[in-house]
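Residues per chain are reported as follows:
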Amino acid sequence: MGARELSGRDVLVRSVRGQARRCAAGAALGCVHQLGEALVPVLVGVVVDQAVAGRDGGRLTVWLVVLAVVYVCLSWSFRLGAKAGERAAEESAHTLRLAVLRRVLDARGGAEEGRLPGELANVATEDAKRVGAVAMALMSGAWAVAGITVSAVALLVMSVPLGLIVLLGTPVLLWLGHLLGKPLERRSEAEQDRAAQAAGAAADLVAGLRVLKGLGAQQAAVERYRRASRVSLAATLRAARAQSWQTGLVLALTGGFIALIALVGGRLALDGSLSLGQLVSAVGLALFLLGPLETFAWVNAELAQGRASAGRIAQVLATGPAVAGGDEQVPSPVRGELRLRDVRLDALAGLDLDVPAGRLTGLAVTDPACAEALLSCLGRERDPESGSVELDGVPLPRLDPAQLRGAVLVAAHDAALFDGSVAANVAPWEEEPAGGAADAPTVRAMAAAHADEVVRSLPHGAATGVGEGGRYLSGGQRQRVLLARALRAGPPVLVVHDPTTAVDAVTEAAIAAGLRDFRRGRTTLVVTNSPALLAVTDRVVLLDAGRVAAEGTHADLVRTSPAYRSAVLA
Amino acid sequence: MTPYDTPAGPPPQGGGTPHTAPDTAPDAAPDADRALLPTATPARTRAVVRQLVRPHRGLVVAGFATMVLATGVGLLTQPLLGHIVDVVTAHRSPDALTWPVVGLAGVAAVQGLMTAVGLSLLSRLGETVLARLRELFVERALALPLERLEQAGSGDLSARVTRDVSRVADAVRGALPELTRSGLSIVLTLGALALLDWRFLLAALVAVPVQAHTARWYMTNAVPLYARERIATGAQQQQLLDTIGGARTVRAYRLQDGHTRRVTASSRAAVELTMRGVRLVLRFYGRLHIAEYAGLASVLVTGFLLVRSGAASVGTATAAALYFLGLFGPVNTALVLLDDAQSATAGLARLVGVVDEPAPPLPAQGAARALGEASVTLSGVSHAYVPGRPVLHGVDLHVRPGERVALVGTTGAGKTTLAKLVAGLHQPAAGRVAVGGAPPKESGGAVGLVTQEVHVFAGPLADDLRLARPDASEQDLRDALAAVGALGWAEALPEGLDTVVGSGGRALTPDRAQQLALARLLLADPPVVVLDEATAEAGSSGARVLDEAAERALHGRTALVVAHRLSQAAAADRVVVLSDGRVLEDGTHDRLLAAGGAYAALWHAWSGSRSPDPSPAPAPSPAPSPAPREPARD
């Protein structure tokens, strides 16, 4: 996307242009439909005038056939036009959804910065949908213009004064209704917000049900809810009353307008300047006109929403990358030595750190922020403010970020599990095997992470689904599956962060041993304060105040470093 | 005029068609072995609704009477227009137009006023009944035994309280008044046609079989299709959340291609189902057009015949034609709303199902706190969630009043199950659990339970705490917060204890939420406490703060602590090691260390070289597998 920042307007224009043919077809067909709709009351007037009043059976037949033809046309044009419009809306939403997704998943990252996942998912669904709906709204606008034009021509042909009254009066009528209804509408919106709170409160109490039961506090909760519900009810009633009055107001205005047309039309008809049928048609057209005019109001609201949504999509798409992206290839084979020099980022204050190739290194911190900052540098989620990070002597920013992640894998503490079987989560890049059975490397990795025990306790073994975000697994089970995945990936350099915090002490000790054996001979950095894990490392580094404070084996540090003792042995 | 009230045919807006019912709430996972909460039968649902409506009979009568009046008055419009046509046909003086026009204006004013009043009354009725139902639902939901809820899955109840309540509320606000108005319009218009001439009514009814058949055909096809569409939309949303929520992981493991494929597939599936829904709706409208034409043509033919035979004036025929044109809007509205009404009815049945579920009455707050002796005794307790897969085997355990016992063991050793039995959430399959000599009750009993599940109740922080003790003074709250070390940050919140926290308010970190849970425990002041929290990460500074907070919350109480960190075990009076549902070791921390068994191995591994003083060994190389090895299950 070029040098100019992508705007919401660009997103809208591209989205509509991408569906130009469907939009054009939909608009054309919709105009035919409107023409038909406008003709129905006209034809009813004609039938009354020529056939009923003239007592002419032949004309009756002719005009009923015409009416049938009009109905066939309006029905089919509506069907085909609306289908084209809806298809255009859906397709452009789908295209936008994928564009947002691609941006979020881009190897250089950055799109999630400051946005919650739910918010981004909302942009990809709701906002994409609203921008897609703009195609439909534009078409509806075109239809409404056509409908108004047709009625205007028909009315003016019948009688210029009556036509003008209807054409000028209808917008005034709608405007009046809008103006008078506005205070009511505003009030109603505020009240509805308040009313929605009761629903939220109920959901909240149900979500905290176990906590309430644990305290025996249900009675207090019920009483509190009843109060909230009553307050909410009062607000809802005020809102509903406001809305009822608005409905009544619009009805009264419309009725008054019809009376006006009847008065003027009747007088014109008595003058002989208007035929009887034309009078009936005029009343029918006045009622019909309200439809397209209301559509205008709706189109306006849709466009406003579409513009806002397009702006949000543009913002996501135009977000700058979080890290500079090089395109150099990772030197092969990877020896796996990491070297940090004078790295500054957040809590890191000029960190110099060497992670030797082929060894298991432990890293303990006095401040968790140090660990976070270090991991985001190594995982290329962020670049350090200053200083350098090198893999086998090559600075990371020069390397292609996606390729680098194949060589240096950062297994985050809060990494995600995806909906699917345990086996599919441990080896996500493999085609999911039939029946969910795990292949041999997966089995080995799971054994090392003690995830085999998890699998044994699940109803369908490794083929058991983990649910969205792994919610069917307990915290300890999830961590073991996460670790198994990191081990299964088998990168030359593996950085693991706090892999056992939710695991009981017995299992933790076993996992520590499994991890050490599995990674033997390959570079591994374990960032943790857990003594069980640190005890199996070759060497431990303690970070304090953003720098290396002590180095040595776990046993040495426990003996010699009070800072280490207090950080690790809570 | 509603957006649907276009004189002929359906609204052109795509946004107004009924198929767009985005329901992003993921449907509860379809789990075969779940026993969902019940859904009420239609008869039972009607009975409950009748019962809820009964106290408001006055409103019902007044609301419907006003609406009938409003609609009836509105129907004078067409005869008045017809009269104007007759005046024109008869070439009478322009003054003859005056009274019908004044009549039209009067009709408009009265109709507007009556509609406003009628709709207000109807919404008062609907909203009041809905509020009562909502309250009954929450009351019953909170009283249901947890065991029952766990069988149903946690999603079931929360889906009902969010999705079903909002569906019913939407219907009460939108569909109910609209359906009432449309229904009355249709019935009264048909009546008015009959008043003009009964033959007009017959002519208009030509459309009815087509409409009825169309409606039935539509409902049969639409209900399952929309259910599928909702599931597909939910799946698409879920897939997006799954992928976007795990974007860092996707990048780290370079899974972009696979995830883009997944999202594309789920989005495509949702798009195609939406389009199927669109096609269905459009076919539905196509058939309605046929009905409209048939009815309109037959009314016009009837008018022609009646005028020719002199049985009706041209004005009457005009009025009949206008009546019929006026029917298009209400008929379309009613048919379109059938869909909403149907989904609301289904939601209503699910709400009534819960309201009807038997549940023990809610205990009065703190009623059963008085307890003879705060001891806990388990004798020969066995338990299995699934028959044939026992989790506990013949456990014997006695906790003396004021004693603190820590439970240690691997995941799946039965710690949490044991805790739940003591808290009375489950009944043991065999053996006996006694708290103060009596079987524990699920709630309101002598046992306070703090679980791994942290929940901060939405609303002011003080209100959250007062759930535990509604009559607590401001000072009580401060004392409780101070005791768990939370007063500092609580007072530093923008509005202190009045700060709105929880969903929709300020989010609290898990550590703080857990402190809050302990503060609530202090306020509730139960003599026996079961603590099963695992929020703090071992080794983190949060763990120390929480250990201290728990220390104070447990002071002077009989406590069973599920130890997620060995520091919790070390602080207990006694440690019980569970393995595979059996008690493996039981003794004080020091005694078990000295004994050199499973617990000692565990402790050494956990504490690294900081072995207890008697042991001279420096950093024991970590035991490869200090776990008491369990025999393979099953």
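Residues numbered from 1 in each chain as written. Chains lettered and ligands numbered in written order. Predicted model: local features only at pLDDT ≥ 70, side-chain atom pairs only at ≥ 80, totals over all residues. Heavy atoms only, no water.

Thoughts on the overall build of chain B
Next up, step 1: Within chain B one finds 20 helices and 11 strands.
Next up, step 2: A buried classification covers 55% of the 634 residues belonging to chain B.
Next up, step 3: Considering only residue pairs separated by 6 or more positions, chain B has 76% of its internal contacts joining residues 24 or more positions apart.
Next up, step 4: Accessible surface, chain B: about 24800 Å² in total, of which carbon and sulfur atoms supply 59%. (Helix = DSSP H or I, 4+ residues; strand = E, 2+ residues; numbered from the N terminus. Buried < 20%, exposed > 50% of the residue type's maximum accessible area, 1.4 Å probe, protein only. Contact = heavy atoms within 4.5 Å. Areas by Shrake-Rupley, 256 points an atom, 1.4 Å probe, with all protein chains shown as cover.)

Observations regarding the interface of chain B and chain A
Next up, step 1: Facing 172 residues of chain B, the contacting portion of chain A comprises 166 residues.
Next up, step 2: Taken together, both faces of the contact between chain B and chain A bury some 14500 Å²; the carbon and sulfur share is 66%.
Next up, step 3: Across the contact surface, chain B and chain A share five salt bridges.
Next up, step 4: For Glu91(A), the salt bridge identified is with Arg268(B), shortest N-O distance 3.0 Å.
Next up, step 5: Inspection of the chain B/chain A interface yields 28 residue pairs in polar contact (both at pLDDT 80 or more).
Next up, step 6: Looking at which element gives the most residues to the side of chain B that touches chain A, the answer is helix α10 (residues 256-308) of chain B, with 29 residues.
Next up, step 7: Split into classes, the residues belonging to the side of chain B that touches chain A amount to 85 nonpolar, 51 polar and 36 charged. (Buried area = accessible area lost by both parts, 1.4 Å probe. Salt bridge = Lys/Arg side-chain N within 4 Å of Asp/Glu carboxyl O. Polar contact = N/O pair within 3.5 Å; in protein donor to acceptor, adjacent residues only side chain to side chain. Nonpolar A, V, L, I, M, F, W, Y, C, P; charged D, E, K, R; others polar.)

Quick word on the packing of aromatic side chains
Within a pair of aromatic rings, the relevant descriptors are the distance that separates the centres and the angle that separates the planes.
Next up, step 1: Following the criterion strictly, the structure yields seven aromatic pairs over all chains and no others.
Next up, step 2: With centroids separated by 6.1 Å and ring planes inclined at 15°, the aromatic side chains of Trp429(A) and Tyr253(B) adopt a geometry described as stacked. On the criterion of chain membership, the pair formed by Trp429(A) in the loop between α11 (422-426) and α12 (440-448) and Tyr253(B) in the loop between α9 (247-252) and α10 is interchain, its members lying in two chains.
Next up, step 3: When its relative accessible area of 34% is taken as the criterion, Trp429(A) is described as partly exposed.
Next up, step 4: Residue Tyr253(B) is classed as buried on the basis of its relative accessible area, which comes to 7%. (Phe/Tyr/Trp six-rings, centres within 6.5 Å; stacked < 30°, edge-to-face > 60°.)

Focus: the sheet that holds strand β10 (residues 547-552) of chain A
Residue and element names in this part refer to chain A.
Next up, step 1: With respect to topology, six strands assemble into an open sheet ordered β6-β7-β8-β3-β9-β10, the strand pairing being mixed. The open sheet has two edge strands, β6 (408-411) and β10, and neither has a second partner. The average undirected angle you get between the axes of adjacent strands in this sheet is 20°.
Next up, step 2: Sheet topology places strand β7 (residues 493-497) next to strand β8 (residues 523-527); five bridges connect them, and they run parallel. Looking at the pairing, His-497 lines up with Val-527 of β8. (Pairing = 2+ DSSP bridges. Axes fitted to C-alpha atoms, helices over the stretch in contact; angles between N-to-C directions.)

Describing the packing of helix α2 (residues 20-52) of chain A against α10(B)
Next up, step 1: Axis separation between α2(A) and α10(B) bottoms out at 10 Å; the angle between their running directions is 20°. Regarding the angle of α2(A) to α10(B), the classification is roughly parallel. When the axes of α2(A) and α10(B) are compared, the crossing they make is right-handed. Within the contact between the two elements, α2(A) uses Glu37(A), Val40(A), Val44(A), Val47(A), Ala51(A) and Val52(A) and α10(B) uses His289(B), Leu296(B), Leu300(B), Gly303(B), Phe304(B) and Val307(B).
Next up, step 2: When the residues that make up the contact of α2(A) with α10(B) are grouped by side-chain class, the tally is nine nonpolar, two polar and one charged. (Parallel < 35°, antiparallel > 145°, perpendicular 65-115°, else oblique. Left-handed = near helix turned anticlockwise from the far one by under 90°.)

Focus on the environment of Phe284(B)
Residue and element names in this part refer to chain B.
Next up, step 1: The topology assignment puts Phe-284 in helix α10.
Next up, step 2: Accessibility expressed as a relative area gives 2% for Phe-284, which makes it buried.
Next up, step 3: For the pair Phe-284 and Met-219, spaced 65 residues apart in sequence, the C-alpha separation works out to 10.0 Å.
Next up, step 4: Ignoring any residue separated from it by four or fewer positions in sequence, one finds Phe-284 in contact with Thr-214, Ala-215, Trp-217, Tyr-218, Leu-335 and Val-336.

Quick notes on the confidence of the model for chain B
All names here are of chain B.
Next up, step 1: With 85% of its residues at a pLDDT of 70 or more, chain B has an overall mean of 81.
Next up, step 2: Scored below 50 in pLDDT, residues 1-33 makes 86 contacts in the model with residues more than four places away or belonging to other chains.
Next up, step 3: Every residue in residues 609-634 is under pLDDT 50, and counting partners more than four places away or in other chains gives 41 contacts. (pLDDT = per-residue confidence, 0-100.)

Looking at the packing of helix α14 (residues 474-483) of chain B against helix α16 (residues 510-524) of chain B
All names here are of chain B.
Next up, step 1: Across the interface, α14 lies against α16 with an axial gap of 8 Å and an inter-helix angle of 130°. Between α14 and α16, the crossing angle belongs to the class labelled oblique. At the point where α14 passes α16, the crossing takes the right-handed sense. Along its contact with α14, which presents Asp-476, Leu-477, Ala-480, Leu-481 and Ala-483, the element α16 presents Leu-516, Ala-519, Leu-522 and Leu-523.
Next up, step 2: The residue inventory of the contact of α14 with α16, partitioned by class, reads eight nonpolar, no polar and one charged.

As for the pattern of salt bridges
Next up, step 1: All told, the structure shown has 38 salt bridges over all chains when counted by the stated rule.
Next up, step 2: A salt bridge links Glu135(B) to Arg230(A); the shortest N-O distance between them is 3.1 Å. Residue Glu135(B) is found in helix α4 (residues 98-143), and its partner Arg230(A) is found in helix α7 (residues 218-271); the two belong to separate chains.
Next up, step 3: Classification of Arg230(A) as partly exposed rests on a relative accessible area of 37%.

Thoughts on the nonpolar core
Next up, step 1: Judged by nonpolar contacts, the single largest core of 110 residues is most densely connected at Leu157(B), Leu481(B) and Leu518(B).
Next up, step 2: No other element matches the nine residues that α16(B) contributes to this core.
Next up, step 3: Aside from chain neighbours lying at most four places away, what touches Leu481(B) is Leu465(B), Ala486(B), Leu487(B), Ala490(B), Leu497(B), Leu516(B) and Ala519(B).
Next up, step 4: Formed by 106 residues, the second largest nonpolar core is a distinct cluster that contains Val44(A), Ala203(B), Leu288(B) and Ala320(B). (Core = buried A, V, L, I, M, F, W, Y, C linked by side-chain atoms within 4.5 Å.)

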